[in-house]
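What follows is the residue order along each chain.
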Amino acid sequence: MPLGRLFAIAILVAGLAAVLVTALGGDDDTTESVLATEPTNDTAADEPRAPLPVLGQAGNLTDLDGWLNTEDTTFEQILADNEVVVVQFWTFACRNCKNTLDAMGELYEEYRDQGVEFIGVHAPEFAFEAEIPNIIEAADELGVVWPIALDTGKENFHEWQEGRWGYWPRAYLIDSEGQIRQNERGDGLAGYRELGENIQRLLDGDA
Amino acid sequence: MATFLEGVSAITMACTLVIGLPTLALACAARGRAALVVAGSVVATALVMWARAAGHWNLANDGLMVVPIAVAIAGAFALAWRSERLPWFGALGVGVVGGGVAGWLWQPCVGEQLAKIVNDADSSPFTTAPLMIVYTTGALLPVILLAALPHAWPAIKDALTHRNLGRAGAAVGGLYALSVASGRYNDLVGELFRISST
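Below is a summary of the structure that appears in this document. (Residues numbered from 1 in each chain as written. Chains lettered and ligands numbered in written order. Predicted model: local features only at pLDDT ≥ 70, side-chain atom pairs only at ≥ 80, totals over all residues.)

1. Describing the overall build of chain A
Inference 1: Per the secondary structure count, chain A includes seven helices and six strands.
Inference 2: The 207 residues of chain A split such that 39% are buried.
Inference 3: Across chain A, contacts joining residues at least 24 apart in sequence account for 79% of those joining residues at least 6 apart. (Helix = DSSP H or I, 4+ residues; strand = E, 2+ residues; numbered from the N terminus. Buried ≥ 20, exposed ≤ 12 C-beta atoms within 10 Å, placed from the backbone. Contact = placed C-beta atoms within 7 Å.)

2. Some points on the overall build of chain B
Inference 1: Within chain B one finds eleven helices and zero strands.
Inference 2: Over its C-alpha atoms, taken along the principal directions, chain B stretches across nearly 45 × 40 × 40 Å.
Inference 3: The burial tally for chain B puts 55% of its 198 residues in the buried class.
Inference 4: For chain B, contacts bridging at least 24 residues in sequence account for 81% of all contacts bridging at least 6.

3. Thoughts on the interface of chain B and chain A
Inference 1: Listed as interface residues are 37 residues of chain B and, on the opposing side, 30 residues of chain A.
Inference 2: Residues belonging to the side of chain B that touches chain A are distributed by class as follows: 21 nonpolar, eleven polar and five charged. (Nonpolar A, V, L, I, M, F, W, Y, C, P; charged D, E, K, R; others polar.)

4. Quick notes on the environment of Val85(A)
Residues and elements named next belong to chain A.
Inference 1: Mapped onto the elements of the fold, Val85 is located in strand β2 (residues 84–90).
Inference 2: Sequence-wise, Val85 and Leu173 are 88 residues apart; in three dimensions their C-alpha atoms are separated by 6.1 Å.
Inference 3: Apart from residues lying up to four places away in sequence, Val85 is in contact with Ile78, Leu79, Glu117, Ile119 and Ile174.

5. Looking at helix α3 (residues 34–54) of chain B
An α-helix turns once every 3.6 residues. As a result, residues three or four positions apart point the same way.
Residue and element names in this part refer to chain B.
Inference 1: Taking 1.5 Å of rise per residue, the 21 residues of α3 would be expected to cover 30 Å, and the 30 Å separating its terminal C-alpha atoms lies within 8% of that figure.
Inference 2: Here α3 lies mainly inside the structure; 20 of its 21 residues are buried.
Inference 3: Phi for Gly55, located one or two positions after α3, is positive at around 85°. (Expected span 1.5 Å × (residues − 1).)

6. Focus: the environment of Pro150(B)
All names here are of chain B.
Inference 1: Looking at the element boundaries, Pro150 is found in helix α8 (residues 141–152).
Inference 2: Residue Pro150 is classed as buried on the basis of its C-beta count, with 20 C-beta atoms lying within 10 Å.
Inference 3: Sequence-wise, Pro150 and Pro68 are 82 residues apart; in three dimensions their C-alpha atoms are separated by 34 Å.
Inference 4: Once residues lying within four places of it in the same chain are set aside, the contact partners of Pro150 are Ile156, Lys157, Leu160 and Thr161.

7. A word on the sheet that holds strand β1 (residues 67–68) of chain A
Residue and element names in this part refer to chain A.
Inference 1: Judged by pairing direction, the sheet is mixed, and its six strands sit side by side in the order β1-β4-β3-β2-β5-β6 without closing on themselves. Looking at which strands have only one partner, the edges of the open sheet turn out to be β1 and β6 (180–185).
Inference 2: As paired elements, β2 and strand β5 (residues 170–174) share five bridges and run antiparallel to each other. Across the sheet, residue Gln88 finds its bridge partner in β5, namely Ala171. (Pairing = 2+ DSSP bridges.)

8. Focus on unusual backbone geometry
All names here are of chain A.
Inference 1: The amide bond that connects Trp168 to the next residue, Pro169, takes the cis arrangement and shows omega of -15°.
Inference 2: Positive phi values are uncommon outside glycine, yet Asp63 reaches one of about 50°.
Inference 3: We classify Asp63 as exposed; it has 11 C-beta atoms within 10 Å.
Inference 4: Look at Lys154: it is not a glycine, yet its phi comes out positive at around 60°.
Inference 5: Relative to the assigned elements, Lys154 resides in the loop between β4 (148–150) and α6 (155–160).
Inference 6: When the 19 C-beta atoms within 10 Å are taken as the criterion, Lys154 is described as partly exposed.

9. Observations regarding the pairing of β5(A)
Sheet faces and side chains relate simply in a regular strand, where the side chains alternate between the two faces.
Residue and element names in this part refer to chain A.
Inference 1: The buried fraction of β5 amounts to five of the five residues, a majority that puts the element mostly inside the structure.
Inference 2: Judged by which residues are buried, β5 turns out to be covered on both faces: Arg170, Tyr172 and Ile174 on one side and Ala171 and Leu173 on the other are all buried.
Inference 3: Pairing between β5 and β6: five bridges, direction antiparallel. Bridge pairing in β6 links Arg170 to Arg185.
Inference 4: Joining the antiparallel neighbours β5 and β6 is a turn of five residues, in which Gly178 adopts a positive phi near 75°.

10. Thoughts on the nonpolar core
One recurring pattern in soluble globular proteins: nonpolar side chains tend to sit buried together.
Residue and element names in this part refer to chain B.
Inference 1: Core analysis: the largest hydrophobic core is formed by 125 residues, its most contacted members being Ala27, Val37 and Ala80.
Inference 2: Looking at this core, the element that brings in the most residues is α3, giving 16 residues.
Inference 3: Ignoring sequence-local partners within four residues, the contact set of Ala80 consists of Leu26, Ala29, Ala30, Val37 and Val94. (Core = buried A, V, L, I, M, F, W, Y, C linked by C-beta atoms within 7 Å.)

11. Some remarks on the pairing of strand β3 (residues 116–122) of chain A
Residues and elements named next belong to chain A.
Inference 1: With seven of seven residues buried, β3 is to be regarded as a mostly interior element.
Inference 2: Burial along β3 is two-sided: Val116, Phe118, Gly120 and His122 facing one way and Glu117, Ile119 and Val121 facing the other are all buried.
Inference 3: As judged from the seven bridges shared by β2 and β3, these two strands associate in the parallel manner. Looking across to β3, one finds that Gln88 is bridged to Gly120.
Inference 4: The β-α-β motif built from β2, the intervening helix α4 (residues 95–111) and the parallel element β3 has right-handed crossover chirality.
Inference 5: Both β3 and β4 contribute to a ladder of three bridges, which runs parallel. Paired with Val121 across the two strands is Ala149, which belongs to β4. (Right-handed = clockwise from strand over helix to strand, strands pointing away.)

12. Quick word on helix α7 (residues 125–139) of chain B
Inference 1: Compared with an ideal rise of 1.5 Å per residue, which puts 15 residues at 21 Å, α7(B) spans 21 Å between its outermost C-alpha atoms and is within 8% of the ideal.
Inference 2: Along α7(B), the residues that are buried comprise Thr128(B), Leu131(B), Met132(B), Ile133(B), Tyr135(B), Thr136(B), Thr137(B), Gly138(B) and Ala139(B).
Inference 3: In this structure, the buried residues of α7(B) make contact with α1 (3–25) of chain A together with α1 (2–9), α2 (14–30), α3, α6 (112–120) and α8 of chain B.

13. Some words on the packing of α1(B) against α7(B)
Residue and element names in this part refer to chain B.
Inference 1: Between α1 and α7, the shortest axis-to-axis distance is 6 Å and the interhelical angle comes to 35°. When you trace α1 past α7, the crossing you get is right-handed. Between α1 and α7, the residues in contact are Thr3, Phe4, Leu5, Glu6, Gly7 and Val8 and Leu131, Val134, Tyr135, Thr136, Thr137, Gly138 and Ala139, respectively.
Inference 2: Considering only residue class, the contact of α1 with α7 consists of seven nonpolar, five polar and one charged. (Axes fitted to C-alpha atoms, helices over the stretch in contact; angles between N-to-C directions. Left-handed = near helix turned anticlockwise from the far one by under 90°.)

What follows is the structure, given as C-alpha coordinates:
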(Lines give C-alpha, C1' and ligand atoms only; values in the text may rest on other atoms or scores of the structure.)
Protein backbone atom coordinates (compact mmCIF):
# COMPACT_ATOMS: atom_id res chain seq x y z
CA MET A 1 0.00 0.00 0.00
CA PRO A 2 1.44 3.43 -0.90
CA LEU A 3 2.71 5.53 2.00
CA GLY A 4 0.42 8.43 1.10
CA ARG A 5 -2.64 6.21 1.37
CA LEU A 6 -1.52 4.84 4.73
CA PHE A 7 -1.03 8.39 5.96
CA ALA A 8 -4.48 9.43 4.77
CA ILE A 9 -6.05 6.39 6.46
CA ALA A 10 -4.21 7.24 9.70
CA ILE A 11 -5.56 10.81 9.55
CA LEU A 12 -9.10 9.53 8.99
CA VAL A 13 -8.93 7.03 11.86
CA ALA A 14 -7.37 9.54 14.27
CA GLY A 15 -9.85 12.24 13.25
CA LEU A 16 -12.90 10.04 13.63
CA ALA A 17 -11.60 8.84 17.00
CA ALA A 18 -11.26 12.46 18.12
CA VAL A 19 -14.82 13.25 17.05
CA LEU A 20 -16.04 10.18 18.93
CA VAL A 21 -14.11 11.10 22.08
CA THR A 22 -15.47 14.65 21.95
CA ALA A 23 -19.04 13.49 21.33
CA LEU A 24 -18.90 10.98 24.19
CA GLY A 25 -17.25 13.55 26.45
CA GLY A 26 -20.56 15.37 26.81
CA ASP A 27 -21.08 18.99 27.79
CA ASP A 28 -18.70 21.17 29.69
CA ASP A 29 -21.52 21.88 32.10
CA THR A 30 -20.60 21.45 35.68
CA THR A 31 -22.35 21.89 38.97
CA GLU A 32 -19.10 22.69 40.74
CA SER A 33 -19.32 25.90 42.74
CA VAL A 34 -17.08 28.86 41.94
CA LEU A 35 -17.63 30.48 45.31
CA ALA A 36 -14.57 30.84 47.51
CA THR A 37 -14.26 28.14 50.13
CA GLU A 38 -12.56 28.41 53.51
CA PRO A 39 -8.84 27.61 53.26
CA THR A 40 -8.06 24.17 54.68
CA ASN A 41 -4.35 24.79 55.13
CA ASP A 42 -3.87 27.12 58.11
CA THR A 43 -0.29 27.97 57.19
CA ALA A 44 -1.27 29.01 53.70
CA ALA A 45 -4.16 31.03 55.08
CA ASP A 46 -1.86 32.93 57.43
CA GLU A 47 0.68 33.87 54.75
CA PRO A 48 0.27 37.40 53.39
CA ARG A 49 -0.80 37.32 49.77
CA ALA A 50 0.61 39.45 47.01
CA PRO A 51 -1.72 42.29 46.11
CA LEU A 52 -3.80 41.89 42.99
CA PRO A 53 -2.10 43.58 40.05
CA VAL A 54 -3.46 46.81 38.65
CA LEU A 55 -4.02 46.09 34.96
CA GLY A 56 -4.95 49.61 33.94
CA GLN A 57 -7.89 51.92 34.23
CA ALA A 58 -11.26 50.60 33.08
CA GLY A 59 -12.80 52.30 30.07
CA ASN A 60 -16.33 53.61 29.94
CA LEU A 61 -19.43 52.04 28.44
CA THR A 62 -20.69 54.49 25.84
CA ASP A 63 -22.99 54.55 22.82
CA LEU A 64 -25.07 51.76 24.32
CA ASP A 65 -28.44 50.80 22.88
CA GLY A 66 -29.88 50.62 26.36
CA TRP A 67 -29.96 48.43 29.44
CA LEU A 68 -31.90 45.35 30.43
CA ASN A 69 -32.63 44.05 33.94
CA THR A 70 -32.05 47.49 35.45
CA GLU A 71 -33.30 51.04 35.38
CA ASP A 72 -31.70 53.12 32.67
CA THR A 73 -28.32 54.00 34.11
CA THR A 74 -24.72 54.72 33.21
CA PHE A 75 -21.49 52.87 33.85
CA GLU A 76 -20.18 55.86 35.82
CA GLN A 77 -23.22 55.68 38.08
CA ILE A 78 -22.73 51.96 38.66
CA LEU A 79 -19.04 52.53 39.49
CA ALA A 80 -19.98 55.30 41.90
CA ASP A 81 -22.64 53.18 43.63
CA ASN A 82 -20.57 50.03 44.14
CA GLU A 83 -17.28 48.95 45.65
CA VAL A 84 -16.61 46.33 43.02
CA VAL A 85 -17.91 45.91 39.48
CA VAL A 86 -17.62 42.88 37.23
CA VAL A 87 -17.98 43.59 33.51
CA GLN A 88 -18.36 40.59 31.24
CA PHE A 89 -18.52 40.79 27.44
CA TRP A 90 -20.77 38.04 26.09
CA THR A 91 -23.24 37.17 23.38
CA PHE A 92 -26.11 34.75 23.76
CA ALA A 93 -25.34 32.28 20.95
CA CYS A 94 -21.73 31.79 22.07
CA ARG A 95 -21.40 28.42 23.79
CA ASN A 96 -18.29 29.48 25.70
CA CYS A 97 -20.24 32.45 27.07
CA LYS A 98 -23.07 30.15 28.13
CA ASN A 99 -20.54 27.98 29.95
CA THR A 100 -19.78 30.92 32.26
CA LEU A 101 -23.34 31.97 33.05
CA ASP A 102 -23.87 29.56 35.95
CA ALA A 103 -20.69 30.87 37.56
CA MET A 104 -21.73 34.48 36.92
CA GLY A 105 -25.18 33.76 38.38
CA GLU A 106 -23.69 32.14 41.46
CA LEU A 107 -21.35 35.09 42.06
CA TYR A 108 -24.18 37.56 41.44
CA GLU A 109 -26.43 35.87 44.00
CA GLU A 110 -23.60 35.75 46.54
CA TYR A 111 -22.36 39.32 46.19
CA ARG A 112 -25.22 41.43 44.80
CA ASP A 113 -26.11 42.78 48.26
CA GLN A 114 -22.50 43.40 49.28
CA GLY A 115 -21.69 46.38 47.09
CA VAL A 116 -20.82 44.38 44.00
CA GLU A 117 -22.51 44.92 40.65
CA PHE A 118 -22.33 42.65 37.62
CA ILE A 119 -22.76 43.93 34.08
CA GLY A 120 -23.14 41.63 31.11
CA VAL A 121 -22.19 43.70 28.08
CA HIS A 122 -24.02 41.99 25.25
CA ALA A 123 -21.87 42.41 22.12
CA PRO A 124 -23.39 40.36 19.28
CA GLU A 125 -21.32 38.60 16.67
CA PHE A 126 -24.24 37.93 14.32
CA ALA A 127 -27.25 39.97 13.21
CA PHE A 128 -29.81 37.72 14.95
CA GLU A 129 -27.96 38.26 18.23
CA ALA A 130 -28.37 42.02 17.83
CA GLU A 131 -32.18 41.96 17.85
CA ILE A 132 -33.35 43.09 21.27
CA PRO A 133 -36.39 40.73 21.49
CA ASN A 134 -34.00 37.81 20.86
CA ILE A 135 -31.65 39.07 23.59
CA ILE A 136 -34.53 39.42 26.06
CA GLU A 137 -35.77 35.92 25.26
CA ALA A 138 -32.27 34.41 25.49
CA ALA A 139 -31.48 36.22 28.76
CA ASP A 140 -34.69 34.86 30.21
CA GLU A 141 -33.95 31.30 29.05
CA LEU A 142 -30.34 31.44 30.20
CA GLY A 143 -31.18 32.93 33.60
CA VAL A 144 -29.25 36.16 33.11
CA VAL A 145 -30.85 38.34 35.77
CA TRP A 146 -28.01 40.82 36.29
CA PRO A 147 -27.87 44.12 34.35
CA ILE A 148 -27.23 43.81 30.63
CA ALA A 149 -25.69 46.68 28.67
CA LEU A 150 -26.59 46.49 24.99
CA ASP A 151 -23.46 47.07 22.92
CA THR A 152 -25.01 46.23 19.58
CA GLY A 153 -22.46 48.16 17.55
CA LYS A 154 -19.63 46.48 19.51
CA GLU A 155 -17.94 49.85 20.06
CA ASN A 156 -17.24 48.98 23.70
CA PHE A 157 -16.30 45.39 22.86
CA HIS A 158 -13.50 46.70 20.67
CA GLU A 159 -12.66 49.67 22.86
CA TRP A 160 -12.11 47.56 25.96
CA GLN A 161 -10.15 44.81 24.24
CA GLU A 162 -6.68 45.66 23.10
CA GLY A 163 -5.58 45.65 19.49
CA ARG A 164 -7.96 44.21 16.93
CA TRP A 165 -8.56 40.96 18.74
CA GLY A 166 -11.84 40.54 20.59
CA TYR A 167 -12.97 37.59 22.65
CA TRP A 168 -16.21 36.16 23.88
CA PRO A 169 -16.41 35.76 26.82
CA ARG A 170 -14.12 38.20 28.58
CA ALA A 171 -14.58 39.42 32.13
CA TYR A 172 -12.99 42.33 33.97
CA LEU A 173 -12.92 42.84 37.72
CA ILE A 174 -12.94 46.55 38.58
CA ASP A 175 -12.23 48.04 41.99
CA SER A 176 -13.70 51.14 43.64
CA GLU A 177 -11.13 53.36 41.92
CA GLY A 178 -12.09 52.11 38.48
CA GLN A 179 -8.95 50.02 38.10
CA ILE A 180 -8.95 46.65 36.39
CA ARG A 181 -7.71 44.01 38.87
CA GLN A 182 -8.45 40.84 36.88
CA ASN A 183 -8.83 40.26 33.16
CA GLU A 184 -10.36 36.87 32.47
CA ARG A 185 -10.46 35.43 28.97
CA GLY A 186 -12.40 32.34 27.98
CA ASP A 187 -14.74 30.10 29.91
CA GLY A 188 -12.39 28.36 32.35
CA LEU A 189 -14.08 27.55 35.65
CA ALA A 190 -10.81 28.13 37.52
CA GLY A 191 -10.76 31.72 36.28
CA TYR A 192 -14.28 32.36 37.57
CA ARG A 193 -13.41 30.75 40.91
CA GLU A 194 -10.47 33.16 41.07
CA LEU A 195 -12.87 35.97 40.20
CA GLY A 196 -14.96 35.05 43.25
CA GLU A 197 -11.88 34.97 45.47
CA ASN A 198 -10.71 38.33 44.14
CA ILE A 199 -14.12 39.94 44.66
CA GLN A 200 -13.93 38.82 48.29
CA ARG A 201 -10.38 40.15 48.61
CA LEU A 202 -11.42 43.54 47.28
CA LEU A 203 -14.36 43.64 49.68
CA ASP A 204 -12.06 42.65 52.55
CA GLY A 205 -9.51 45.31 51.61
CA ASP A 206 -6.97 42.52 51.04
CA ALA A 207 -6.04 43.36 47.48
CA MET B 1 -4.79 16.61 23.53
CA ALA B 2 -7.18 18.86 25.46
CA THR B 3 -6.39 21.69 23.04
CA PHE B 4 -7.16 19.51 20.02
CA LEU B 5 -10.40 18.23 21.56
CA GLU B 6 -11.50 21.77 22.43
CA GLY B 7 -10.98 22.61 18.77
CA VAL B 8 -13.06 19.58 17.75
CA SER B 9 -15.83 20.54 20.16
CA ALA B 10 -15.89 24.03 18.62
CA ILE B 11 -16.72 22.68 15.15
CA THR B 12 -20.46 23.18 15.50
CA MET B 13 -20.24 26.64 17.02
CA ALA B 14 -21.32 29.61 14.92
CA CYS B 15 -18.03 31.35 15.72
CA THR B 16 -16.10 28.49 14.13
CA LEU B 17 -18.34 28.25 11.06
CA VAL B 18 -16.88 31.63 10.13
CA ILE B 19 -13.63 29.82 9.23
CA GLY B 20 -15.03 26.33 8.60
CA LEU B 21 -17.32 27.18 5.70
CA PRO B 22 -14.76 29.04 3.55
CA THR B 23 -12.09 26.39 4.18
CA LEU B 24 -14.55 23.69 3.14
CA ALA B 25 -15.44 25.65 0.00
CA LEU B 26 -11.75 26.19 -0.80
CA ALA B 27 -11.10 22.45 -0.43
CA CYS B 28 -14.00 21.65 -2.79
CA ALA B 29 -12.76 24.20 -5.34
CA ALA B 30 -9.24 22.72 -5.22
CA ARG B 31 -10.55 19.18 -5.94
CA GLY B 32 -7.51 16.92 -6.46
CA ARG B 33 -5.23 19.37 -4.65
CA ALA B 34 -7.52 19.73 -1.63
CA ALA B 35 -5.08 18.07 0.78
CA LEU B 36 -2.29 20.54 0.03
CA VAL B 37 -4.63 23.53 0.03
CA VAL B 38 -6.19 22.49 3.34
CA ALA B 39 -2.76 21.89 4.92
CA GLY B 40 -1.65 25.40 3.94
CA SER B 41 -4.97 26.82 5.06
CA VAL B 42 -4.94 25.25 8.54
CA VAL B 43 -1.39 26.40 9.30
CA ALA B 44 -1.97 29.92 7.95
CA THR B 45 -5.27 30.35 9.82
CA ALA B 46 -3.58 29.28 13.04
CA LEU B 47 -0.48 31.43 12.60
CA VAL B 48 -2.43 34.58 11.71
CA MET B 49 -4.68 33.94 14.72
CA TRP B 50 -1.62 33.49 16.89
CA ALA B 51 0.05 36.62 15.48
CA ARG B 52 -3.08 38.65 16.27
CA ALA B 53 -3.18 37.28 19.82
CA ALA B 54 0.52 38.04 20.31
CA GLY B 55 0.06 41.58 19.03
CA HIS B 56 2.19 41.08 15.91
CA TRP B 57 -0.73 41.49 13.51
CA ASN B 58 -2.88 44.54 14.05
CA LEU B 59 -4.06 45.22 10.52
CA ALA B 60 -7.68 46.31 10.32
CA ASN B 61 -10.14 43.88 8.79
CA ASP B 62 -12.92 46.40 8.37
CA GLY B 63 -13.53 49.71 6.60
CA LEU B 64 -11.79 50.01 3.25
CA MET B 65 -9.61 47.01 4.05
CA VAL B 66 -12.51 44.73 3.12
CA VAL B 67 -11.79 45.50 -0.55
CA PRO B 68 -8.26 44.02 -0.69
CA ILE B 69 -9.41 41.19 1.59
CA ALA B 70 -12.24 40.36 -0.81
CA VAL B 71 -9.82 40.52 -3.75
CA ALA B 72 -7.47 38.11 -1.93
CA ILE B 73 -10.38 35.75 -1.29
CA ALA B 74 -11.49 35.87 -4.94
CA GLY B 75 -7.90 35.31 -6.06
CA ALA B 76 -7.45 32.35 -3.71
CA PHE B 77 -10.61 30.68 -5.00
CA ALA B 78 -9.72 31.35 -8.64
CA LEU B 79 -6.29 29.80 -8.11
CA ALA B 80 -7.77 26.92 -6.10
CA TRP B 81 -9.97 26.11 -9.10
CA ARG B 82 -6.81 25.91 -11.22
CA SER B 83 -4.64 24.36 -8.51
CA GLU B 84 -4.30 21.02 -10.30
CA ARG B 85 -2.16 22.87 -12.85
CA LEU B 86 -0.03 24.53 -10.16
CA PRO B 87 3.15 23.06 -8.68
CA TRP B 88 2.71 21.62 -5.18
CA PHE B 89 4.03 24.77 -3.51
CA GLY B 90 1.59 26.86 -5.55
CA ALA B 91 -1.32 24.80 -4.22
CA LEU B 92 0.06 25.14 -0.71
CA GLY B 93 0.32 28.91 -1.25
CA VAL B 94 -3.34 29.08 -2.28
CA GLY B 95 -4.21 27.49 1.05
CA VAL B 96 -1.94 29.91 2.89
CA VAL B 97 -3.72 32.92 1.35
CA GLY B 98 -7.19 31.47 1.96
CA GLY B 99 -6.36 30.42 5.51
CA GLY B 100 -4.53 33.64 6.30
CA VAL B 101 -7.59 35.67 5.35
CA ALA B 102 -9.84 33.39 7.42
CA GLY B 103 -7.58 33.85 10.45
CA TRP B 104 -7.57 37.59 9.86
CA LEU B 105 -11.37 37.79 9.84
CA TRP B 106 -12.00 35.37 12.71
CA GLN B 107 -13.31 36.60 16.06
CA PRO B 108 -13.42 33.44 18.12
CA CYS B 109 -15.49 32.32 21.06
CA VAL B 110 -12.83 31.28 23.52
CA GLY B 111 -12.79 28.17 25.65
CA GLU B 112 -10.38 27.30 28.44
CA GLN B 113 -7.56 25.94 26.26
CA LEU B 114 -7.74 28.65 23.60
CA ALA B 115 -7.74 31.25 26.38
CA LYS B 116 -4.47 29.82 27.70
CA ILE B 117 -2.97 30.06 24.22
CA VAL B 118 -4.00 33.66 23.64
CA ASN B 119 -3.03 34.68 27.18
CA ASP B 120 0.52 33.44 26.65
CA ALA B 121 0.88 34.10 22.91
CA ASP B 122 3.14 37.07 23.47
CA SER B 123 5.33 35.64 26.23
CA SER B 124 5.64 31.99 25.05
CA PRO B 125 5.62 32.03 21.25
CA PHE B 126 7.32 28.65 20.77
CA THR B 127 4.70 26.88 22.87
CA THR B 128 1.60 28.77 21.88
CA ALA B 129 2.06 28.94 18.09
CA PRO B 130 2.18 25.12 17.72
CA LEU B 131 -0.75 24.81 20.14
CA MET B 132 -2.74 27.23 17.99
CA ILE B 133 -2.09 24.94 15.01
CA VAL B 134 -3.30 21.99 17.11
CA TYR B 135 -6.48 23.88 18.08
CA THR B 136 -7.16 24.92 14.48
CA THR B 137 -6.55 21.36 13.27
CA GLY B 138 -9.34 20.26 15.62
CA ALA B 139 -11.65 23.10 14.61
CA LEU B 140 -11.18 22.33 10.90
CA LEU B 141 -11.16 18.55 11.31
CA PRO B 142 -14.15 17.86 9.00
CA VAL B 143 -12.40 19.65 6.14
CA ILE B 144 -9.14 17.79 6.84
CA LEU B 145 -11.01 14.47 6.79
CA LEU B 146 -12.74 15.40 3.55
CA ALA B 147 -9.38 16.25 1.97
CA ALA B 148 -7.82 12.98 3.21
CA LEU B 149 -10.74 10.77 2.15
CA PRO B 150 -9.94 10.44 -1.59
CA HIS B 151 -6.35 9.47 -0.72
CA ALA B 152 -7.45 6.86 1.82
CA TRP B 153 -10.24 5.48 -0.34
CA PRO B 154 -9.36 5.93 -4.02
CA ALA B 155 -12.64 4.36 -5.15
CA ILE B 156 -14.52 7.54 -4.26
CA LYS B 157 -11.88 9.92 -5.57
CA ASP B 158 -13.86 10.69 -8.74
CA ALA B 159 -16.92 11.72 -6.75
CA LEU B 160 -14.99 13.91 -4.31
CA THR B 161 -12.94 15.63 -6.99
CA HIS B 162 -15.78 16.08 -9.49
CA ARG B 163 -15.87 19.38 -11.34
CA ASN B 164 -19.41 20.08 -10.13
CA LEU B 165 -18.25 19.91 -6.52
CA GLY B 166 -15.43 22.25 -7.51
CA ARG B 167 -17.93 24.63 -9.12
CA ALA B 168 -20.03 24.60 -5.95
CA GLY B 169 -16.95 25.41 -3.87
CA ALA B 170 -15.97 28.22 -6.22
CA ALA B 171 -19.52 29.62 -6.14
CA VAL B 172 -19.46 29.67 -2.32
CA GLY B 173 -16.06 31.36 -2.59
CA GLY B 174 -17.57 34.07 -4.81
CA LEU B 175 -20.39 34.61 -2.33
CA TYR B 176 -17.82 34.71 0.49
CA ALA B 177 -15.79 37.41 -1.30
CA LEU B 178 -18.89 39.48 -2.08
CA SER B 179 -20.27 39.22 1.45
CA VAL B 180 -16.90 40.20 2.94
CA ALA B 181 -16.68 43.16 0.54
CA SER B 182 -20.15 44.31 1.57
CA GLY B 183 -19.44 43.79 5.28
CA ARG B 184 -22.23 41.22 5.58
CA TYR B 185 -20.23 38.00 5.87
CA ASN B 186 -20.80 37.44 9.58
CA ASP B 187 -24.50 38.14 9.16
CA LEU B 188 -24.68 35.54 6.41
CA VAL B 189 -22.98 32.92 8.57
CA GLY B 190 -25.19 33.89 11.51
CA GLU B 191 -28.31 33.36 9.43
CA LEU B 192 -27.05 29.96 8.26
CA PHE B 193 -26.38 29.01 11.86
CA ARG B 194 -29.77 30.26 13.04
CA ILE B 195 -31.61 28.42 10.27
CA SER B 196 -29.71 25.19 10.92
CA SER B 197 -30.28 25.33 14.66
CA THR B 198 -34.04 26.05 14.62
